[in-house]
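# Examination of the molecular architecture
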Amino acid sequence: MADKVSSFWGPVTSTTEWCEKNYVYSSYIAEFYNTISNIPGILLALIGLINALRQRFEKRFSILHISNMILAIGSGLFHATLQHVQQQSDETPMVWEMLLYIYILYSPDWHYRSTMPTFLFLYGAVFAVVHSQVRFGIGFKFHYVVLCLLCIPRMYKYYIHTADISAKRLAKLYVLTIFLASLCWLCDRVFCTEISSWYVNPQGHAFWHVLMGFNSYFANTFLMFCRAQQLGWSPKVVHFMGILPYVKIQKPKTQ
């Protein structure tokens, strides 16, 4: 929410603002809670990246975890500045990330191996150029939702073909976190006027960031399990300190 306060970044130029008062705690951070709430997503993506590298998963998963980190960092920059350029550093990686998910989900059954990554790369590049020149507004949100919906049938197929109970639990946590995150996002947008009059702001958009950080981690871990199963790597879901799930694999000696 715009407020007449001193700011390092100058007037707001982004097309979107959220239900948090600007520059309350620092003249360098516009939306404090919406900025720091991206930290869990960065840390979870880092944990996933370390696991993917340590066990030598396919490079696609390392890139996926890195894209999660880039997205969280871009989101933090956007909410810290509320500038249009930084808004693009949040929104463009959102689209790139979904294109990467589409590749990981559909590539195992794609007969022409070079066509899908080529098309998705060109699509992502064209979108980035167009998005840098055009402010889509609601059009961007619609586009992003469509990309998300394209992933659902394949995720469901993976779920019903997975017998492992622990892996199925990851998929259920993925659904639960995206549902709760979407609820927080909607409440923050729809009821902002009412929330602004409350003594304590529940920071719905900040909770969206935290929940989506976990959502991406659960999705990535589930997909790593499914892919390891396809490759015959005997995956199993174990827990770090009995809490955070990750995939442990046992590759055949020939690999």
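Residues numbered from 1 in each chain as written. Predicted model: local features only at pLDDT ≥ 70, side-chain atom pairs only at ≥ 80, totals over all residues. Heavy atoms only, no water.

With that settled, the discussion passes to the UniProt feature "transmembrane region" (unreviewed entry) in the protein chain. Here the UniProt feature "transmembrane region" (unreviewed entry) sits at residues 32-50, 62-82, 119-136, 171-191 and 206-226. This span, residues 206-226, is 100% helix and 0% strand, and a straight line between its end C-alpha atoms measures 31 Å. (UniProt positions renumbered as here; feature names shortened; annotations may be inferred. Helix = DSSP H or I, 4+ residues; strand = E, 2+ residues; numbered from the N terminus.)

The next point concerns the pattern of salt bridges. As enumerated under the stated definition, the model contains four salt bridges in all. For Arg227, the salt bridge goes to Glu58, with nearest N and O atoms at 2.7 Å. Of this pair, Arg227 sits in helix H9 (residues 204-230) while Glu58 is found in the loop between helix H2 (39-54) and helix H3 (59-81), placing the two residues 169 residues apart along the sequence. Each member of the pair, Arg227 as well as Glu58, carries the same accessibility label: buried. The network of salt bridges with common partners includes Glu58, Arg60 and Arg227. (Salt bridge = Lys/Arg side-chain N within 4 Å of Asp/Glu carboxyl O. Buried < 20%, exposed > 50% of the residue type's maximum accessible area, 1.4 Å probe, protein only.)

In this structure, Phe57, Phe61, Tyr101, Phe222 and Leu223 are the most contacted members of the largest nonpolar core, which totals 42 residues. For this core, the secondary structure elements donating two or more residues are H2, H3, helix H4 (84-106), helix H5 (115-133), helix H6 (138-160), helix H7 (165-190), H9 and strand E2 (244-248). In this structure, Phe222 is in contact with Met155, Tyr158, Tyr159, Thr162, Ala167, Leu170 and Ala171, ignoring residues within four places of it in sequence. Formed by five residues, the second largest nonpolar core is a distinct cluster that contains Tyr23, Ala30, Phe78 and Leu82. (Core = buried A, V, L, I, M, F, W, Y, C linked by side-chain atoms within 4.5 Å. Contact = heavy atoms within 4.5 Å.)

Right, let's get into H6. For H6, with 23 residues, the first-to-last C-alpha span of 34 Å sits near the 33 Å given by 1.5 Å per residue. The sharpest bend along H6 reaches about 25° and sits at Ile152, with the proline Pro153 one to four residues further on. Buried within H6 we find Phe140, His143, Tyr144, Leu147, Cys151, Arg154, Met155 and Tyr158. Against H4, H5, H7 and H9 lie the buried residues of H6. (Expected span 1.5 Å × (residues − 1). Bend = angle between axes of the 7 residues up to and from the residue.)

On to the packing of H4 against H9. Contact pair H4 / H9: the axes reach a minimum separation of 11 Å and the direction vectors enclose 20°. The angle between H4 and H9 falls in the class roughly parallel. H9 is crossed by H4, and the crossing has left-handed handedness. Where H4 abuts H9, its residues Glu97, Tyr101, Ile104 and Leu105 lie against Ser216, Ala219, Asn220 and Leu223. A class-by-class count of the residues in the contact of H4 with H9 yields five nonpolar, two polar and one charged. (Axes fitted to C-alpha atoms, helices over the stretch in contact; angles between N-to-C directions. Parallel < 35°, antiparallel > 145°, perpendicular 65-115°, else oblique. Left-handed = near helix turned anticlockwise from the far one by under 90°. Nonpolar A, V, L, I, M, F, W, Y, C, P; charged D, E, K, R; others polar.)

To continue, consider the side chain of Arg154. Position of Arg154 relative to the elements: it lies in helix H6. Among residues more than four places away in sequence, those in contact with Arg154 are Leu105, Tyr106 and Asp109.

Inspection of the entire model under this criterion finds one disulfide. Put simply, Cys19 and Cys192 are joined by a disulfide, and their sulfur atoms are 2.4 Å apart. A torsion of 95° about the S-S bond marks the disulfide between Cys19 and Cys192 as right-handed. Here the residue Cys19 occupies a position in the segment before helix H1 (32-36), and Cys192 occupies one in helix H8 (residues 192-196), the gap between them amounting to 173 residues. You can call Cys19 buried: its relative accessible area is 1%. (Disulfide = S-S within 2.5 Å.)

Within the UniProt annotation, "binding site: Zn(2+)" (unreviewed entry) is assigned to His79, His205 and His209. Taken together, the annotated residues stretch across 131 residues yet fold into one region, lying no more than 11.2 Å apart by C-alpha. Here His79 falls in the buried class, since its relative accessible area comes to 1%. With residues near it in sequence (within four places) discarded, His79 still touches Trp18, Ala30, Glu31, Asn34, Thr35, Asn38, His205 and His209. A relative accessible area of 4% means that His205 is categorised as buried. For His205, the contacting residues outside a window of four places in its chain are Trp18, Asn34, His79, Trp185 and Asp188.

Below, the discussion takes up the packing of H6 against H9. Running from amino to carboxyl end, H6 crosses H9 at an angle of 60°, the nearest separation of the two axes being 11 Å. With respect to H9, the element H6 is oriented oblique. For the crossing formed where H6 meets H9, the hand is left-handed. Contact residues: H6 offers Met155, Tyr158 and Tyr159, while H9 offers Phe222, Leu223, Cys226 and Gln230. Broken down by class, the residue content of the contact of H6 with H9 amounts to six nonpolar, one polar and no charged.

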